[in-house]
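Below, each chain spelled out in residue letters.
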Amino acid sequence: MPLSLLLTSVRAYVHLACHGLLLLACGCASAETLVDVDAGGSYQDNLTRARHREDFRGDAALSVFASAGRIIVPDGMDTVVLSGYAHTEAFQRYRELDHLELGTSVSYKHKLALGWAAAWISAHASLSYDDHRDRLRDSTRLFGELELGRRFRPELDASAGVFYDRRYDNHGESVVPGVSGKVFDLAGRGAFVRCGYELSERLLLGSRLALRKGDVESTSQRDFDVFLASTAITPDTAFGDMRLVAYRIDGLTRSAELNASWAFDSRSSLNAAFAYARTNADRGVVYSDSTSSLIYAYRF
Amino acid sequence: MHTRRLLATLALTTTLVHAQLPGASGEIQAVVTDESSKPLADAVVIAVPIDGNMRLTSRPRDEVDQVDKEFTPRVKVVLVGSTVTFPNNDSVRHQVYSFSPAKRFELPLYAGVPPEPVVFNKPGLVVLGCNIHDWMVGYIYVSESPYFAKTGLDGKATLPDLPPRAYVLRVWHPQLDASEESTQKTIEVVRGKRSDAAWALKVKLVAKVRRAPIAGGAGRY
């Protein structure tokens, strides 16, 4: 994306985020300010989400996530969190994947009774713009989630929910007559369960299982099965290999994540996570990827 | 179960040393540690006269603050019948509650000082929480006896101005891994003298809702 256009987009989103937050937070004298910063690194073994090992591209990335917002508590049972956030990743080898995501989010949580053990329901929505070095991946993202949870003991909580994600792509060019080129125009919906257990005063263990049905993007060399299973195709130059083509495929993705969080104090923690995902699509197309990460989190 | 009780009982040690004090009353110097001799702060020491003759004084107003989204002090001891206010010194509102049998109450979401204090008219332990900040936990120990004290960081507490007579002493601590009754011991307070009592308590980890952040901005509210 040209720099001027990028700056215009970024400014527009920042303005939108700031105005939205100011409007919604005004008049809430008791609102609390929330500022979080995360920084760390990750390694993903199959960034291309390729089917065959020769098309796998793994890489490490440094990431920074920052969010600022307001927590509004209109009454004892309801909490609204309005925030703006920025997330950036810089890759070691595949620099075209470097990106900056700017977004706003709103979360609403309702407790069904008094006390820490009360069940709760929550709704979360976010809207962001994700700008990559590689123009093909530039997109607007929309995410929504409904969740029901409960803390069973002070050290044990669990929740389950459903989500919807949407990614809008206006860049992919069609190279196959009659087949869309917008491979990053993706939509999916799914469900998840998660739980957390405090092993000690400092160590929190967590897990999350999810099932998602919807579009996924896969980059590989020309593959007949993938071609037949795909709903969009376009050349992908982000990995510096002109043989690679990006495909959009409809599939069922199962994912599992294990994480551990070590609290240094009430404001900071070190978080390690391992996530594995496996997608099954039509015509026997299967691929998997895993991500390991280590992130330091600080809350001001 | 019997073994555990026996171990807990064996863990209790008592030493009685009498030192000269001026005046017509005596005092008890209590020392509370865990089994590895580490001083235990916030242990509540209660002395109940065996003859039941208690000089019930006026019941002052007490306070349990909320500072930096924590109860301050974390452990408060009050005499039965006392009133306690819960001033909120944070810039955010709190909703203090307790489900404890000794006192069930709820202070609807508030900032500043609530208009009405809470009366604690039944002896026992009252566990406090905040409905907005689940990690907040505090304890009010409502004593049936006016003779009580709370240990400091050094694990020591002094019960001064005790009329000379025999007392049953007991200890409570948030991490106590035994019944309060199992900590009981009898001690004779002598006029003008100091009596020492010591406990080595078996303690357990008490789980608390975590406050620290989790990557991704999660982990709170």
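Residues numbered from 1 in each chain as written. Chains lettered and ligands numbered in written order. Predicted model: local features only at pLDDT ≥ 70, side-chain atom pairs only at ≥ 80, totals over all residues.

(A) Spatial organisation of the overall build of chain A. What chain A contains, in helices and strands, is two helices and 13 strands. Whereas a compact globule of 300 residues would reach a radius of gyration of roughly 19 Å, chain A reaches 20 Å, a difference of no more than 12%. (Helix = DSSP H or I, 4+ residues; strand = E, 2+ residues; numbered from the N terminus. Rg over C-alpha atoms; globule rule 2.2 N^0.38 Å.)

(B) Layout of the interface of chain B and chain A. Counting residues at the interface gives 26 residues for chain B and 35 residues for chain A. Of the residues belonging to the side of chain B that touches chain A, the class tally is 15 nonpolar, five polar and six charged. (Contact = placed C-beta atoms within 7 Å. Nonpolar A, V, L, I, M, F, W, Y, C, P; charged D, E, K, R; others polar.)

(C) The arrangement of the sheet that holds strand E12 (residues 124-130) of chain B in detail. Residue and element names in this part refer to chain B. Strands sit in the order E7-E13-E12-E9-E10 across an open sheet of five strands; the sheet is mixed. Two strands close off the open sheet at either side, each with one partner strand: strand E7 (75-79) and strand E10 (103-106). The sheet shows a mean angle of 30° between the axes of neighbouring strands, direction not considered. Pairing between E12 and strand E13 (residues 137-143): six bridges, direction antiparallel. By the bridge assignment, Leu125 is partnered in E13 with Tyr141. (Pairing = 2+ DSSP bridges. Axes fitted to C-alpha atoms, helices over the stretch in contact; angles between N-to-C directions.)

(D) Highlighting the domain arrangement of chain B. Residue and element names in this part refer to chain B. When the domains of chain B are assigned, the result is domain 1 (2-54 + 147-201) and domain 2 (61-142). In this complex, domain 1 contributes six residues to the contact, which on the side of domain 2 involves six residues. Taken together, the residues that form the side of domain 1 that touches domain 2 break down as four nonpolar, no polar and two charged. (Domains from an automatic or database assignment.)

(E) The nonpolar core, seen in detail. Residue and element names in this part refer to chain B. Within the largest apolar cluster, 55 residues are counted, with the highest numbers of intra-cluster contacts made by Ala30, Val44, Val45 and Ile140. Each of domain 1 (2-54 + 147-201) and domain 2 (61-142) accounts for three or more of the residues forming this core. The residues touching Ile140, leaving out its near neighbours within four places in the chain, are Val64, Lys76, Val78, Val84, Phe120, Val126 and Leu128. (Core = buried A, V, L, I, M, F, W, Y, C linked by C-beta atoms within 7 Å. Buried ≥ 20, exposed ≤ 12 C-beta atoms within 10 Å, placed from the backbone.)

(F) The sheet that holds strand E11 (residues 118-120) of chain B, seen in detail. All names here are of chain B. Here three strands make up an open sheet; going across it, the order is E4-E8-E11 and the pairing mixed. On the outer flanks of this sheet lie strand E4 (61-63) and E11, each paired with one strand and no other. The average undirected angle you get between the axes of adjacent strands in this sheet is 35°. Bridging between strand E8 (residues 82-85) and E11 involves three bridges; their strand directions are antiparallel. Across the sheet, residue Val84 finds its bridge partner in E11, namely Val118.

(G) Inspection of the pairing of strand E3 (residues 44-49) of chain B at higher detail. Residue and element names in this part refer to chain B. Examined bridge by bridge, E3 and strand E14 (residues 147-150) share four bridges and lie antiparallel to one another. Paired with Ala47 across the strands is Tyr147, a residue of E14. Alignment of E3 against strand E16 (residues 166-172), held across six bridges, turns out to be antiparallel. Within E16, the position partnered with Val44 by the bridge is Trp172.

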